[in-house]
Amino acid sequence: LLWLLVLALAWLGPAQVASEEPGGETEDGEVAEEQEEMDEVLSDELGEEDGVLVLHEHNFARALREHRLLLVEFYAPWCHHCQALAPQFAQAAAILRNESGEPRLAKVDAPAQPILSREFGIMAYPTLKLFRDGNRTHPVPYTGRLDAQGIVRWLQRRVGPSAVLLPDAAAAAAFIAAQEVAVVGFFQDLQGESARVFYEVAGDLVDVVFGAAEADELFKAYGLVDDTVCLFKKFDEERADLPVQQGLDAAALSRFVRVHSLQLVMEFSNETSERIFSAKIPHHMLLFINATEAAQLELRDAFREAAAPFRGQVLFVLVDVGGYGAGVLPFFRLTPADAPTLRLVKMETNRKYQMEEDAFSAPAMRAFVQAVLDGKVKPRLQSAEPPEDWDTKPVKVLVGKTFEQVAFDETKNVFVKFYAPWCSHCKEMAAAWEELGERYKDHKDIVIAEMDATANEMENITIHGYPTLHYFPAGPGRKMIEYKSNRDVESFSKFLENGGTLPEEPPVVRSNPMCPREAPA
């Protein structure tokens, strides 16, 4: 998802004012056209585009009345992620209408509908919310995948029961046998609070099938005494149990299912990549191999052996440098010739860790992973080489090796743009940043700089989206101020002239889109 900072929204007025004929008279045709547009906006009629309802302030209530389940996308026309979602959203609408006619999909142009945007707290695009039974005050946030099948499956779980009732041992055995992964909740009271939480989580995790049981014979058949959630799978240890003690926690259940539905060692592929990242396991240990070489394939057994003690803490991932994994090699500054090699990534900060010398025995890999978890290994920070002319132009070009000496120079106020070469929003503000550099090139105490944050890393600064702007004021203390206002030269200048803050002004409409840290596929 592309998360945006939207600090204020303002009403956008009628589209166009009719042109006037000489003498001040307005063309009748244009007056009529404008009136028709105004009537359309003010009407509560429900229009459609590609099978998706088009909603605004005046027809939103009607849509809620007429559709028991309504999934609404709040989008911005200029948002690239919204544009990518549009055909998937339309396809999902078509699938749902062909299958059952319920639920319906709708969309709202959020910047053009500020009243609705404020009412529903829209702070990022796209944002999807499900409205059930006309309830306007408590919509359900969408938590599924942003593709047609993901949308359909997420909604289907909300049309009917999210878990299949298993009345006896034969039904349970057939249900489990039919699935690669199946989650069964054994509850002595299916009307109780723990069962309610189970059904709620089942509605969110649409990539796994859920069953529910309360019959005594099923507790006996699976060796259970107390309420328990069991995950059955056709790989690794084949079964994992989550005892339900003093109630079932939704977050704990979600994590249990996400972690244990993954194989102990995941092979990185187009089919598995989303599951790998959505599992939210804090560390990933990667073994890069060339799958065409038998000697490198043999390393998989030791890698699997090393993985066992770290399930839930560290996800072990096998990356074929000659296959789908080739696309991630630049992120690690690797080439196919570097295989076999190991890297550990701390997902929250994107920090990468590397052995002093690769050792592929299970004990060596376990010791390395444990040392990283214990904080005994420093990350390997990547850096490009500084260009020869890095400090001769108005905008200075920083790399990891030169960042510290420039940004924390106590005699300079340094304003840095952290960007990604592929980021469209970075490209859109590039001209403004160059103009800012020209404006301040003769100021001895102000430095305008930029750094490719995809090729360079810093020890104590993590960049989560692009572009990110940080101001490092002169003086001791290594201070850093994030700039979050408008991305234009005049705003930048006011910020610099005011010592790293913006003077108080009346609220303005701000739209500061950012690209996510990961490059688009």
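Being a predicted model, the structure only gives us computed values, none of them experimental. Here, residues in each chain are numbered from 1, in the same order as that chain's written sequence. Selection of residues for local features in this predicted model requires a pLDDT of at least 70, selection of side-chain atom pairs for listing and counting requires 80 or more, and totals for whole chains, interfaces and linings are taken over all residues. The side-chain figures draw on all heavy atoms in the structure; neither hydrogens nor water molecules are used.

Caption draft 1: Expanded view of the pairing of strand β14 (residues 314-320). The buried fraction of β14 amounts to six of the seven residues, a majority that puts the element mostly inside the structure. Sheet analysis places strand β12 (residues 265-267) next to β14, joined by three bridges and oriented parallel. The residue bridging Glu267 from the neighbouring strand is Leu318, located in β14. Two strands pair if DSSP finds at least two bridges between them. A run of DSSP states H or I qualifies as a helix once it reaches four residues; a run of E qualifies as a strand once it reaches two. Both are numbered from the N-terminal end. Across seven bridges, the pairing between strand β13 (residues 283-289) and β14 is parallel. For the exposure calls, accessible area comes from a 1.4 Å probe over protein chains only, and a residue counts as buried if that area is under 20% of its type's maximum, exposed if over 50%, partly exposed in between.

Caption draft 2: Structural context of the packing of aromatic side chains. Note on ring pairs: Phe, Tyr and Trp rings are taken, using the six-membered ring of Trp, and paired if centres are within 6.5 Å. Classes follow the plane angle, with under 30 degrees stacked, over 60 edge-to-face and the rest tilted. One pass over the structure, following the stated rule, counts 32 aromatic pairs. Between Phe310 and Phe316 the ring centres are 6.3 Å apart and the planes differ by 20 degrees, which places this aromatic pair in the stacked class. Residue class for Phe310 comes out buried when judged on its relative accessible area of 4%. Given a relative accessible area of 0%, Phe316 falls into the buried group. An aromatic cluster of three or more residues is present, and its members are Phe415, Trp433, Tyr471, Tyr483, Phe492 and Phe495. A cation over a ring is seen here: Arg158 above Trp154, with NZ or CZ 3.7 Å from the ring centre. Placement of a charge over a ring requires the Lys NZ or Arg CZ to be within 6 Å of the ring centre, with the centre-to-atom vector within 35 degrees of the ring normal.

Caption draft 3: Highlighting the environment of Ser491. Tracing the chain through its elements places Ser491 in helix α16 (residues 489-497). A sequence separation of 11 residues divides Ser491 from Leu502, and the C-alpha atoms of the two residues are 7.9 Å apart. Whether two residues touch is decided by their heavy atoms; if any such pair falls within 4.5 Å, the residues are in contact. Setting aside anything within four residues of it in sequence, one finds Ser491 in contact with Tyr483, Asn486 and Leu502.

Caption draft 4: Structural detail: the side chain of His67. Considering the arrangement of structural elements, one finds His67 in the loop between α2 (60-66) and β3 (69-75). In this structure, His67 is in contact with Leu46, Leu53 and Arg104, ignoring residues within four places of it in sequence.

Caption draft 5: Just helix α14 (residues 400-407), in detail. Looking only at α14, the buried set comprises Thr402, Phe403, Val406 and Ala407. Down the axis of α14, the buried set is contained in an arc of 120 degrees. They therefore lie on one face. Buried residues belonging to α14 abut β17 (395-398), β18 (413-419), β19 (446-452) and β21 (468-472). In this description, the arc belongs to the directions extending from the helix axis to the C-beta atoms.

Caption draft 6: Representation of the state of the cysteines in the model. Cysteine sulfur atoms are paired as a disulfide whenever they fall within 2.5 Å. Enumeration over the complete set of coordinates arrives at zero disulfides. Looking at Cys79, it has no disulfide partner, and the nearest cysteine sulfur is the one in Cys82, 3.0 Å off. Just so you know, Cys426 is unpaired, no disulfide at all, and the nearest cysteine sulfur is the one on Cys423, 3.1 Å from it. Of the residues examined, Cys426 reaches a relative accessible area of 3% and is grouped as buried.

Caption draft 7: Layout of unusual backbone geometry. In this structure, Pro340 follows Ala339 across a cis peptide bond, with omega equal to 0 degrees. Relative to the assigned elements, Pro340 resides in the loop between β14 and β15 (341-346). Look at the link from Tyr466 to Pro467: it is a cis peptide, with omega at -10 degrees. Relative to the elements of secondary structure, Pro467 occurs in the loop between β20 (465-466) and β21. You will see that Arg333, though not glycine, has its phi angle at about 55 degrees, which is positive. A residue is classified by how much of its surface remains accessible, and Arg333, at 44% relative accessible area, is partly exposed.

Caption draft 8: Expanded view of the sheet that holds β21. Taken in spatial order, the five strands make up an open sheet running β17-β19-β18-β21-β22, and their pairing is mixed. Looking at the sheet topology across the chains shown, the edges are occupied by β17 and β22 (481-483). With strand direction ignored, the average angle separating the axes of adjacent strands in the sheet is 30 degrees. In this sheet, β19 lies alongside β17 in parallel orientation, the contact comprising four bridges. Each residue of the ladder has a partner; that of Val395, found in β19, is Ile448. Here an axis means a line fitted to C-alpha atoms, over the contact stretch when the element is a helix, while the angle between two N-to-C directions is reported on a 0 to 180 degree scale. In the packing of α16 onto the sheet, contacts are made with β18, β19, β21 and β22, and the angle to β22 comes to roughly 160 degrees.

Caption draft 9: Representation of empty space enclosed by the protein in the model. As defined here, a cavity is a set of points on a 1 Å grid over the protein atoms alone where a 1.4 Å probe fits but cannot get out. A pocket is an open set with protein on both sides within 12 Å along at least five of seven lines, and residues line them when an atom is within 4 Å of a point. Grid points are joined across faces, edges and corners, and a volume is the space filled by probe spheres set on the points. For the structure shown, the criterion picks out one cavity of 30 Å³ or more. Roughly 50 Å³ of volume is contained in the largest cavity. Note on residue categories: nonpolar means Ala, Val, Leu, Ile, Met, Phe, Trp, Tyr, Cys or Pro, charged means Asp, Glu, Lys or Arg, and polar means any other residue, Gly included. Across the lining of the largest cavity, the residue classes break down as seven nonpolar, two polar and one charged.

Caption draft 10: View of the nonpolar core. For the purposes of this section, nonpolar cores are sets of buried Ala, Val, Leu, Ile, Met, Phe, Trp, Tyr and Cys residues that join through side-chain atoms within 4.5 Å. Ranked by size, the top nonpolar core spans 24 residues in total, and within it Phe198, Phe210, Val229, Leu248, Leu253 and Val257 carry the most contacts. Among the elements of the structure, β8 (181-186), α7 (193-204), β9 (209-213), β10 (228-233), β11 (239-243) and α9 (250-260) are those that each provide at least two residues to this core. Those residues in contact with Val229 that lie beyond four places of it in its chain are Val183, Val184, Gly185, Phe187, Phe198, Ala240, Asp241, Leu242, Val244, Leu248, Leu253 and Phe256. Residues Leu299, Phe310, Leu342 and Val372 belong to the second largest nonpolar core, which totals 23 residues.

Caption draft 11: Structural detail: the pairing of β19. Burial within β19 is extensive, with seven of its seven residues counted as buried. Neither face of β19 is left uncovered, since the one carrying Ile446, Ile448, Glu450 and Asp452 and the one carrying Val447, Ala449 and Met451 both have all their residues buried. Bridge analysis of β18 against β19 gives seven bridges, and the strand direction is parallel. Paired with Phe418 across the two strands is Met451, which belongs to β19. When the strands point away from the viewer, a crossover counts as right-handed if the route from the first strand across the helix to the second turns clockwise. The parallel pair β18 and β19 is bridged by helix α15 (residues 424-440), and the resulting crossover is right-handed.

Caption draft 12: Examining the pattern of salt bridges more closely. Salt bridges are identified by distance alone: a Lys or Arg side-chain nitrogen within 4 Å of an Asp or Glu carboxyl oxygen. Applying the stated criterion across every chain, the model contains 29 salt bridges. Ionic pairing is found between Asp241 and Arg239, a salt bridge with its closest N-O pair at 2.9 Å.

Caption draft 13: Focus on the sheet that holds β10. In space, the five strands of this open sheet follow the order β7-β9-β8-β10-β11, with mixed pairing throughout. Sheet topology places β7 (164-165) and β11 at the edges, where each strand pairs with a single neighbour. Pairing between β8 and β10: six bridges, direction antiparallel. Bridge pairing in β10 places Val183 opposite Leu231.

By themselves these figures say nothing about function.
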